[in-house]
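Observations on chain architecture
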Amino acid sequence: MKNRITALAYGWGTIFTMMILCSLILALLLKFTSMTESTLQWATLILGLLTLFIGGFISAAKGKEKGWMLGILTGLGFSIIVLLFQYLGFQKGMGMTQLFYHGGYILMALLGGMIGVNVGGKSN
């Protein structure tokens with residue numbers, strides 16, 4: 001159980017670190033290039049999906065078993081944290097479009113977990 005919690009912490013830490021770095025890079029690109037906001041919307045979606053895939057991958061690689069479960073928990077944890085931040089900080093719930101995005105994020109974390117558990121090696 002402790003191993004799974006540690007693995008989830010690694011996955012969530014990776015996700016939030018990558019999100020901060022991607023946000024900084026995209027903000028700089030938006031400021032100093034001719035990138036438009038419509039291009040930014042697609043870039044954030046793609047980077048978000050990639051970030052959740054990597055987070056699920058790392059979580060499952062650290063956990064070394066049940067990668068599908070660690071992937072789902074990594075994605076769900078991320079979505080719950082975003083929902084709480086959004087609801088408690090801005091008094092806004094999730095709309096249907098945002099629910100579809102988070103469904104995709106959870107699926108990508110699941111896929112990353114299923115691949116990551118096989119790369120991480122066997123448990124002892």
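The coordinates are above.
Residues numbered from 1 in each chain as written. Predicted model: local features only at pLDDT ≥ 70, side-chain atom pairs only at ≥ 80, totals over all residues. Heavy atoms only, no water.

**With respect to the pattern of salt bridges**
Where side chains of opposite charge bring their charged atoms close, a pairing between them can arise. To be explicit about the condition: We define a salt bridge as a side-chain nitrogen of Lys or Arg found within 4 Å of a carboxyl oxygen belonging to Asp or Glu. A helix here means a DSSP run of H or I that spans at least four residues, while a strand means a run of E at least two residues long, and both kinds are numbered starting from the N terminus.
Counted by the stated rule, this structure contains one salt bridge. One salt bridge in this structure joins Glu65 and Arg4, with 3.4 Å as the shortest N-O distance. One end of the pair, Glu65, is in the loop between helix H2 (37-63) and helix H3 (67-90); the other, Arg4, is in helix H1 (residues 2-32), with 61 residues separating them in the sequence.

**Let's talk about the packing of aromatic side chains**
We apply this condition: For Phe, Tyr and Trp, where Trp contributes only its six-membered ring, two rings pair if their centres lie within 6.5 Å, and the inter-plane angle classes them as stacked under 30 degrees, edge-to-face over 60, or tilted in between. Categorising residues by exposure relies on relative accessible area from a 1.4 Å probe, with only protein chains included: less than 20% of the type maximum marks a residue as buried, more than 50% marks it as exposed, and the intermediate range marks it as partly exposed. Lysine NZ or arginine CZ positioned within 6 Å of the ring centre and within 35 degrees of the ring normal marks a charge as sitting over the ring.
Under the criterion given, the structure shown has four aromatic pairs. Here the aromatic rings of Phe16 and Phe78 are separated by 5.6 Å at their centres, their planes lie at 45 degrees, and the arrangement is tilted. Taken together, the residues Phe16 in helix H1 and Phe78 in helix H3 connect sequence positions 62 residues apart. On the accessibility criterion, Phe78 (5% relative accessible area) is buried. Positioned over the ring face of Tyr10 is Lys62, at 4.6 Å from the centre of the ring.

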